[in-house]
Amino acid sequence: MTEETLNKIFVSTADIFSDNLNNLKDTLPSDYFNNVKKYHPRYLSLEYTWHGGEPLLAGQEFYARAIEMQSCLIPKEIHTSNKIQTNGTLINKSVANFFKKNNFVVGVSLDGPEYVNKNRVYRNKKSSFADVVANIKLLQKAEVTHGVLATITPDTVKNITPAEFMSFFGELGSNLQVNVFYPVGRGLGLSCKKSDSQEIAKFLFDCFKIYLENKTITIKDFDSYIDALFLNQKLPYCRYTGSCITKENMFGFDYNGDVYLCNRFIGLDKYKFGNINEVQSLNEFSDKKQKLYKNYKPNKKNCISCQMAKNEICGQMGGCIFAQELLGYDPLCLVTKQLSQNIAQYKKEYYMP
């Protein structure tokens, strides 16, 4: 990505964010707005999430320059944050210290012990496991805010028990988020059937029960399910709310400045709005986004008899829109539906109103 494109992205996103912020100020009571800004600044943050491929291939100097540009181009009153999702192989002491100094939130992909993490290999087929675990330790030592993202595949539930899975990540000591596999990129040849969701949901429910009894790390997804099913709070993730298409303040940018619904859609013309270098403002894409939302027909078959949809805890969009585009359904949505039915039965036992 060129500096010219980065410049345009930072200026344009800051402009549209300022407009949104001013609308909030006009809408919310001043005391409430100021308290949110003081105590929960992330809710009023302009967030940049760096994805790839592997985003660290751009090099540390690229991100140093990006941070410098942000400080020059974005008004000081706007709270900004940077997140990065990496395979972890290119992290070293210098990178870890850079992340700490510049308050990056880092996500590292790791699916479990080496025999579970077998799909994450170098081009020469050598396992990346030992390097990634060592580099996670560097993040921990540098006190970088980070977490691990584990993708659950049909093979995961065959090759490791829930107790072993939870023990591994508990000993690793980093907070965890789980995702469900769907075939994209190098995963195109791997199995992905609707029937897999039942076994994956059972596996995660057994993990959830262990988590309730022995919480040594934070698993964001499980905490969100507890908040949703025990306290009736809405699920926060975009895949449940459909915020990529229902809100105007989320975009994905390709390296050349092409603008998409979100980063997952890069390369799909149906979800491309234009190029950031060819417009004056991101607002010029609002009409296209609204038209896409108006014409979009989510697959709501999975919403029928779903605990989440019934209680209006999710956005009832049928799950991740990209997954629906790819497969016709969202595997994670299927798993969540089954998992939520099992978790709901624990409310009386573990939650006292």
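Residue positions are counted from 1 within each chain, in the order its sequence is given. Under the rules for a predicted model, residues below a pLDDT of 70 receive no local features and side-chain atom pairs below 80 are neither given nor counted, while totals for whole chains, interfaces and linings still include all residues. With hydrogens and water stripped out, all remaining heavy atoms of the structure feed into the side-chain values.

Draft legend 1. Summary view of the sheet that holds strand 4 (residues 146–152). In space, the five strands of this open sheet follow the order 1-2-3-4-5, with parallel pairing throughout. Both edges of this open sheet fall to strand 1 (45–50) and strand 5 (176–180), since each of them pairs with a single strand only. Across this sheet, the average inter-strand angle for adjacent strands is 25 degrees, counted without regard to direction. Any two strands are treated as partners once DSSP identifies two or more bridges connecting them. Only DSSP runs of H or I covering at least 4 residues are called helices, and only runs of E covering at least 2 are called strands; the numbering of each starts at the N terminus. Taken together, the five bridges between strand 4 and strand 5 define a ladder with parallel strand orientation. For Ile 152, the partnering residue across the bridge sits in strand 5 and is Val 180. Contacts from helix 3 (residues 60–73) reach strand 1, strand 2 (79–86) and strand 3 (104–109) within the one sheet, and its direction differs from that of strand 1 by about 165 degrees. Lines are fitted to the C-alpha atoms to define the axes, a helix being fitted only along its stretch in contact, and any angle between axes, read from their N-to-C directions, falls within 0 to 180 degrees. It only takes one pair of heavy atoms within 4.5 Å for two residues to be counted as in contact.

Draft legend 2. Inspection of unusual backbone geometry at higher detail. A cis amide bond links Gly 52 with the next residue in sequence, Gly 53, at an omega value of 10 degrees. Relative to the helices and strands, Gly 53 resides in the loop between strand 1 and helix 3. One non-glycine residue, Asn 103, lies in positive phi territory at about 60 degrees. Relative to the helices and strands, Asn 103 is located in the loop between helix 4 (93–101) and strand 3. If you check the backbone angles, Glu 143 has positive phi at about 60 degrees while not being a glycine.

Draft legend 3. Up close: the sheet that holds strand 7 (residues 258–260). If you walk across this open sheet you meet the three strands as 6-7-8, and the pairing is antiparallel. Each edge of the open sheet carries a strand with a single partner, namely strand 6 (252–253) and strand 8 (272–275). Sheet analysis places strand 6 next to strand 7, joined by two bridges and oriented antiparallel. Across the sheet, the residue bridging to Phe 253 is Val 259, located in strand 7.

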